[in-house]
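Close look at the chain arrangement
Next come the chains, spelled out residue by residue.
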Amino acid sequence: MVKQRITDVVQIDPVAPMGEVIERAAHLLRQGELVVFPTETVYGLGADALQPAALEGIFAAKGRPLSDPLIIHIAELAALDALTSSLPVAIWRLTQVFWPGPLTLILPRGPQVPRIVTAGMETVAVRMPGHPVALALIRALGSPIAAPSANRFMHISPTTAAHALADLDGRVPLILDGGPCKVGVESTILDLSIEIPTILRPGGVSIEALRAVLPEVHILDQHKPLSETQAQKAPGQLTIHYAPTVPLLLFDGSAEAMRAAMLKELAARTARGERVGLLVADADLPAFQQQSSALIYSLGDPAQPAQIAASLFASLRALEEAHVQVILCRTFPLHDLGLAIRDRLGRAAGGEIISV
């Protein structure tokens, strides 16, 4: 049973967060409460990582199964000593380059880490966020913060405080509004607990950037389908995830073929009286300019994957809130953050991609 309460949304300077606001949030966390706060990736739903009862509140507020582990956020490298049982040599090269930032590392679990954080597994996911508000909050609390995305389980991740409020209003006492998230997709999760460092979830650090530091980094070609009750090593592994409440059809092929297929599907859906939303690129807009019946959002320039990533979740939510009945979306190139974008769109589409 989720305790209902009034949710207070407080604006906070994302560059120089105010001490009194941070202290208020830290006080709530000390009392075992939940606080929503901004990171550079998405908004997080935080609890003191060392308070099991508070952690239970995260799962209740989100409707998240206990089989889905949490990421622990730290503000200092020294915190790793209490969270892990051993540290691979590669961690120092990675943290020197990518921390603070959107890289989560899977490491051997230390005895102080509550098992509810790790879905009962002997590994723990840790990252140092690259956002002044998140770092200030962790330091003020004096303890690591466990935080998944601040949304209902399996829904589109929040990149603004308004998104978090839409999903969690009445379920948390405080949301810190630090403006839109810069990266827009979750962190890359890299497993260092096995012999070959392996990306379990592509995200805000590209595989190209990781391989420049660790050439042996591997990425799983595909994730085995997991049920909600099957313990996972990292979050974001389910076939359906990051999904709007309406169907999303994902088209893949050449730009011309995708436009043609989407126009055909749009015509068929419109003829049936459906309200259709489109997610396209800037270069696609002329092909759809006569389609006054559709609600069209451009994610930007395909050659700028960071731009696409930053607008992805917000655009999905905008179409959902406009009450479209189906979303038609194209794929984007896989270089740089394109791998993360493809992962999020593929899971939003339930793992089904229409090749054209």
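So, a few notes on the structure that sits alongside this text.

With respect to the sheet that holds strand 8 (residues 174-177)
Read across the sheet, eleven strands follow the order 1-8-2-3-7-4-6-5-9-10-11 without closing on themselves; strand pairing throughout is mixed. The strands lining the two open edges of the sheet, one partner per strand, are strand 1 (8-11) and strand 11 (218-219). Across two bridges, the pairing between strand 2 (residues 35-37) and strand 8 is parallel. Paired with Val-35 across the bridge in strand 8 is Leu-174. In the packing of helix 1 (residues 19-30) onto the sheet, the strands contacted are strand 1, strand 2, strand 3 (44-48), strand 7 (145-146) and strand 8, and the crossing angle to strand 8 comes to about 145°.

Overview of the packing of helix 10 (residues 305-321) against helix 11 (residues 338-348)
Viewed as axis vectors pointing N to C, helix 10 and helix 11 meet at an angle of 30°, and their least axial separation amounts to 9 Å. It follows from the interaxial angle that helix 10 and helix 11 lie roughly parallel. Two packed elements cross with a definite hand, and for helix 10 against helix 11 that hand is left-handed. Across the interface between the two elements, Pro-305, Ile-308, Ala-309, Leu-312 and Phe-313 of helix 10 pack against Gly-338, Ile-341, Arg-344 and Leu-345 of helix 11. Taken together, the residues that form the contact of helix 10 with helix 11 break down as seven nonpolar, one polar and one charged.

Observations concerning the packing of helix 1 against helix 5 (residues 132-141)
Contact pair helix 1 / helix 5: the axes reach a minimum separation of 9 Å and the direction vectors enclose 55°. Here helix 1 lies oblique to helix 5, going by the angle between them. Remark: the crossing between helix 1 and helix 5 carries right-handed chirality. Touching Ile-22, Glu-23, Ala-25, Ala-26, Leu-29 and Arg-30 of helix 1 are Val-133, Ala-136, Leu-137, Ala-140 and Leu-141, all from helix 5. Split by residue class, the contact of helix 1 with helix 5 holds nine nonpolar, no polar and two charged.

Describing empty space enclosed by the protein
Tallied over the full model, the rule gives two cavities of 30 Å³ or more. If you add up the space inside the largest cavity, you get close to 240 Å³. Class assignment of the residues belonging to the lining of the largest cavity gives a composition of twelve nonpolar, nine polar and six charged. Taken as a whole, the second largest cavity encloses approximately 50 Å³ of empty space. Every residue along the wall of the second largest cavity is listed here: Thr-188, Ile-199, Pro-202, Gly-203, Val-205, Ser-206, Ile-207, Asp-336, Leu-337, Leu-339 and Ala-340. Looking at the lining of the second largest cavity residue by residue, the class counts come to seven nonpolar, three polar and one charged.

About the thresholds
- Residues numbered from 1 in each chain as written.
- Predicted model: local features only at pLDDT ≥ 70, side-chain atom pairs only at ≥ 80, totals over all residues.
- Heavy atoms only, no water.
- Pairing = 2+ DSSP bridges.
- Helix = DSSP H or I, 4+ residues; strand = E, 2+ residues; numbered from the N terminus.
- Contact = heavy atoms within 4.5 Å.
- Axes fitted to C-alpha atoms, helices over the stretch in contact; angles between N-to-C directions.
- Parallel < 35°, antiparallel > 145°, perpendicular 65-115°, else oblique.
- Left-handed = near helix turned anticlockwise from the far one by under 90°.
- Nonpolar A, V, L, I, M, F, W, Y, C, P; charged D, E, K, R; others polar.
- 1 Å grid on protein atoms, 1.4 Å probe; cavity = no way out; pocket = protein on both sides within 12 Å on 5 of 7 lines; lining within 4 Å.
- Points joined across faces, edges and corners; volume = space filled by probe spheres on them.

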